Amino acid sequence: MSEQTVSAYATREDVAYALATGGVLKTGWLDAYARVPRQAFLPDTIWPYDMAAGRAVHVSRAEDAQAWRGYADADVPVVTQWDDGEHTGREPGRVSTSSASMPSVVFRMLDALTVDDYCRVLEIGTGTGWNAALLAHKVGEGNVVSVEVDEAVANRARDALAHFFGAPVEVIHGDGRAGAPGRGVFDRVIATCGVREIPYAWVEQTRPGGVIVAPWGTDFSPADAVLRLTVDAEGMSASGRFTGPVEFMKLRAHRSAPIDHEAYVPGPLPTPETTTSDAARALSAADRFSPLPFALGLRVPACTYVAAEKVRGAQPHWFYSRSDRSWACVLVEDGEPTARVWQRGERRLWDEVEGAYAWWVERGRPGWERFGVTVRGVGERVWVDEVGEWV
């Protein structure tokens with residue numbers, strides 16, 4: 001790793017200044033940021049995301065301590081485990097399965113949690129332990145309980161937290177869907193992994209008036225949005241809005257299986273249809289953090305969207321049903337007023353996407369902040385603008 005690569009990243013002090021002036025690092029978290037450095041919780045081998053290279057890169061503290069410190073302090077996500085620990089070697093693995101999130105995302109979510117001194121906080125997804133350490137610095141080591149599904153990751157985080165504080169922060173090895181049974185009721189719950197629904201156990205373990213913050217998304221794409229819920233006065237339900245886009249590793253029980261394209265499309269494509277719908281162009285222009293894919297995922301359930309690479313001005317957009325083998329493909333070509341559409345199966349997936357797009361446009365193209373979720377014992381429902389306006 002070259003010195004030149006690391007010098008492209010700001011120092012920890014520069015990052016703190018940028019986060020503070022950008023309104024991300026609020027006054028209440030300045031002391032925690034200053035006193036709880038992320039590098040204290042990172043292993044000696046990491047795979048930070050290099051913004052210039054556009055990919056995760058291998059960095060070893062033993063081989064290049066300066067580069068390691070530079071990435072540890074930078075506002076970039078840092079992968080610490082691939083493939084549930086089965087990965088070996090220097091190159092990135094197939095799936096990142098544990099990490100330290102970029103500081104700007106961490107402090108946005110901590111700000112949304114609105115903790116007071118001495119709040120009891122349940123964290124789902126310990127990871128490196130850095131997020132738990134920031135919380136422990138704020139509310140006290142004895143007021144934080146963290147749950148981690150991977151035993152090796154839990155053990156390492158437990159050791160790092162004990163070494164840093166000189167006293168243990170409770171780290172439970174277990175499935176975060178169950179929360180922390182037997183540990184009482186919490187004032188706040190925060191998940192550092194993406195979910196596809198809010199486990200009701202989290203509501204049950206949060207006091208009335210308490211807050212739950214979690215990255216929430218659909219099967220449509222890997223992207224999530226931060227959901228902030230408040231538990232009602234009876235402690236029976238929780239409701240709240242989204243605050244903005246993020247992307248997190250998923251709760252293991254909520255991971256989507258990889259798409260096997262050949263199983264969906266085993267032979268030649270059928271005869272295409274044509275569409276003049278604006279949906280194809282809008283989707284082609286959207287990026288992964290645009291509100292359009294998020295809204296489409298709400299209206300087209302059990303469907304995964306994959307935008308293929310554009311080649312010579314033509315970009316295929318694929319849609320795969322998660323409930324059967326239905327699929328659709330829309331080919332958008334530069335300069336062409338129409339798009340070609342292929343779809344097959346019991347579900348007419350492109351028709352569903354067009355209908356969802358029309359719904360989104362009719363409502364003024366709502367962004368994340370207009371959507372919300374209500375969670376009850378019988379399940380959860382998504383709404384737009386107000387509870388009862390169900391999506």
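Report on the accompanying structure.

So, how was this worked out
- Residues numbered from 1 in each chain as written.
- Predicted model: local features only at pLDDT ≥ 70, side-chain atom pairs only at ≥ 80, totals over all residues.
- Heavy atoms only, no water.
- Core = buried A, V, L, I, M, F, W, Y, C linked by side-chain atoms within 4.5 Å.
- Buried < 20%, exposed > 50% of the residue type's maximum accessible area, 1.4 Å probe, protein only.
- Helix = DSSP H or I, 4+ residues; strand = E, 2+ residues; numbered from the N terminus.
- Contact = heavy atoms within 4.5 Å.
- Pairing = 2+ DSSP bridges.
- Axes fitted to C-alpha atoms, helices over the stretch in contact; angles between N-to-C directions.
- Right-handed = clockwise from strand over helix to strand, strands pointing away.

Ranked by size, the top nonpolar core spans 55 residues in total, and within it Ile124, Ile198, Trp202, Trp216, Phe242, Phe319 and Trp350 carry the most contacts. Per-element accounting of this core gives the leading share, seven residues, to helix α12 (residues 349-362). In contact with isoleucine 124, not counting residues within four places along its chain, are Val147, Gly176, Gly179, Val189, Ile190, Ala191, Thr192, Cys193, Trp202 and Leu251. In terms of nonpolar packing, the next biggest core, distinct from the first, is built from 40 residues, Val15, Tyr33, Val105 and Phe165 among them.

Let us now look at the environment of alanine 132. Mapped onto the secondary structure, alanine 132 falls in helix α6 (residues 130-139). Remark: the alpha-carbon pair of alanine 132 and leucine 122, spanning 10 residues in sequence, is separated by 9.1 Å. When residues no more than four places from it in sequence are discounted, the contact partners of alanine 132 are Glu123, Val144, Ser146 and Leu161.

In this section: the side chain of serine 104. You can see serine 104 is positioned in helix α5 (residues 103-113). The exposure class of serine 104 is buried, given its relative accessible area of 6%. Filtering out sequence-adjacent residues up to four positions away, serine 104 remains in contact with Leu19, Val24 and Asp75.

Before going further, it helps to examine the sheet that holds strand β16 (residues 327-333). What the five strands build is an open sheet, ordered β13-β17-β16-β15-β14; its pairing is antiparallel. Taken across any chain shown, the strands that pair with only one partner, and hence form the sheet edges, are β13 (273-275) and β14 (303-307). Direction aside, neighbouring strands of the sheet carry axes that sit 25° apart on average. Across five bridges, the pairing between β16 and strand β17 (residues 339-344) is antiparallel. Looking at the pairing, valine 330 lines up with valine 341 of β17. Seen against the sheet, helix α10 (residues 278-285) touches β14, β15 (314-321), β16 and β17 and runs at an angle of roughly 80° to β16. Across the sheet, α12 lies against β13, β14, β15, β16 and β17, angled at about 100° from β15, the strand it touches most.

Bringing the pairing of strand β7 (residues 144-148) into the picture now. Buried residues dominate β7, accounting for five of its five residues. Here β7 shows a buried face lined by Val144, Ser146 and Glu148 and a second buried face lined by Val145 and Val147. With four bridges connecting them, strand β6 (residues 121-124) and β7 associate as parallel partners. Pairing of leucine 122 across the sheet is with valine 145, part of β7. For the segment spanning β6, α6 and β7, crossover handedness is right-handed. Bridge count for β7 against strand β8 (residues 170-173) is four bridges, and the pairing is parallel. In the sheet register, serine 146 faces β8, and the bridge partner there is valine 171. As for the winding sense of the linkage, the β-α-β connection from β7 through helix α7 (residues 151-165) to β8 is right-handed.

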